Amino acid sequence: MIDERRVPIDRDVDIVTARQLGRELAAEAGFTGSDLTLIATAISEVARNIVVYAERGEIRLGRTDRNGREGIEVVAADEGPGIPDIQQAMQDGFSTGRSLGLGLPGARRLMDEFEIVSEVGKGTVVTMRKWRP
Ligand SMILES: Nc1ncnc2c1ncn2[C@@H]1O[C@H](COP(=O)(O)OP(=O)(O)OP(=O)(O)O)[C@@H](O)[C@H]1O
Ligand SMILES: [Mg+2]
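Quick look at the structure, then. Within any chain, residue numbers begin from 1 and follow the written order of that chain's sequence. Ligands are numbered from 1 and chains lettered from A, in the order in which they are written. Local features in this predicted model are restricted to residues whose pLDDT is 70 or higher, and side-chain atom pairs enter the listing and the counts only when it is 80 or higher, whereas totals over whole chains, interfaces and linings include all residues.

1. Concerning the environment of Leu102
Alright, step 1. The helix count covers DSSP runs of H or I at least four residues long, the strand count covers runs of E at least two residues long, and both are numbered beginning at the N terminus. Inspection of the secondary structure assignment puts Leu102 in the loop between helix H3 (86-89) and helix H4 (103-110).
Alright, step 2. Spatially, the C-alpha atom of Leu102 lies 8.3 Å from that of Met90, the residues being twelve residues apart in sequence.

Laid out in structure tokens, this is it:
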């Protein structure tokens, strides 16, 4: 990641900070228009999951490139309870929090790349990338 920035997440207002910083970095990386909103929305969802399920963690944001293609990388990391069944968590409508269960599958659709590594009792790391058109 290039020019990595870190946003500690432990309460609702931090979600807004991460969302705004992500939008700014995406604009600096050359994204425009609705892409800025899509990226900001995906960041909000993973940041909100940290607050709700893990209580605290951090969002790391930065530019990235691969084979000459530029993009933005977002990592949401926590040391919370972990996700026992990632396939299930990625399904539309699955929620252990009596919520809509659309955050993770929605973020996956908004970004180009989406990976979750999670271990019960250890924590969760979600890595997302979006490439500039
Ligand atoms: N960081 C995390 N740590 C532990 N469990 C998580 C984490 N993020 C997601 N989960 C689990 O995955 C489920 C699905 O997450 P997702 O964001 O898709 O839905 P939700 O948060 O339940 O609802 P919504 O995001 O629509 O309000 C959650 O209900 C929770 O069980
Ligand atoms: Mg969620």
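Alright, that's what it looks like, and here's the rest.
2. Regarding the site of ligand 1
Alright, step 1. Put plainly, near means the residue's C-beta atom, positioned from the backbone, lies within 6 Å of the molecule or strand in question. Close to ligand 1 lie 23 residues; Asn49, Ser95, Thr96, Ser99 and Gly103 are nearest.
Alright, step 2. With five residues, helix H2 (residues 34-54) is the largest single contributor of residues to the shell around ligand 1.
Alright, step 3. All residues other than Ala, Val, Leu, Ile, Met, Phe, Trp, Tyr, Cys, Pro, Asp, Glu, Lys and Arg, Gly among them, are scored as polar; the first ten of these are nonpolar and the last four charged. Taken together, the residues of the shell around ligand 1 break down into eleven nonpolar, ten polar and two charged.

3. As for the nonpolar core
Generally speaking, nonpolar side chains in soluble globular proteins are found buried as a group.
Alright, step 1. A set of buried residues qualifies as a nonpolar core if it consists of Ala, Val, Leu, Ile, Met, Phe, Trp, Tyr and Cys joined through C-beta atoms within 7 Å. Three exposure classes are used, all based on how many other C-beta atoms lie within 10 Å of a residue's own C-beta (placed from the backbone): buried at 20 or more, exposed at 12 or fewer, and partly exposed between those limits. If you look at the biggest cluster of nonpolar residues, it comprises 28 residues, and the most contacted ones within it are Ala42, Ile43, Val46, Ala47, Ile59, Val74 and Ala76.
Alright, step 2. Of all the secondary-structure elements, those providing two or more residues to this core are strand E1 (2-9), helix H1 (12-28), H2, strand E2 (57-66), strand E3 (69-78), H4 and strand E5 (123-131).
Alright, step 3. Examining the composition of this core, we find that six residues originate from one element, H2, more than from any other.
Alright, step 4. Filtering out sequence-adjacent residues up to four positions away, Val74 remains in contact with Gly22, Ala42, Ile43, Ile59, Leu61 and Met128. Remark: residues whose backbone-derived C-beta atoms lie within 7 Å of one another are considered to be in contact.

4. Focus on the environment of Ala18
Alright, step 1. Residue position: Ala18 is located in helix H1.
Alright, step 2. Residues Ala18 and Pro105 lie 87 residues apart in sequence; the distance between their C-alpha atoms is 19 Å.
Alright, step 3. Among residues more than four places away in sequence, those in contact with Ala18 are Val7, Ile9, Ile43, Ala47 and Ile59.

5. A look at the packing of H2 against H4
Alright, step 1. For the pair H2 and H4, the least separation of the axes is 9 Å and the interaxial angle reads 150°. One way to sum up the angle between H2 and H4 is to call them roughly antiparallel. In this structure, H2 meets H4 at a crossing whose hand is left-handed. For the pair H2 and H4, contact is made by Leu38, Thr41, Ala42, Glu45, Val46, Arg48 and Asn49 and by Gly103, Gly106, Ala107 and Leu110, respectively.
Alright, step 2. When the residues that make up the contact of H2 with H4 are grouped by side-chain class, the tally is five nonpolar, four polar and two charged. Only the stretch in contact is used when a helix axis is fitted, and all axes are lines through C-alpha atoms; the angle between N-to-C directions ranges over 0 to 180 degrees. Orientation labels follow simple angle bins: below 35 degrees gives roughly parallel, above 145 gives roughly antiparallel, 65 to 115 gives roughly perpendicular, and whatever is left gives oblique. Crossings are classed by handedness, with left-handed meaning an anticlockwise turn of the near helix from the far one by less than a right angle and right-handed meaning a clockwise turn.

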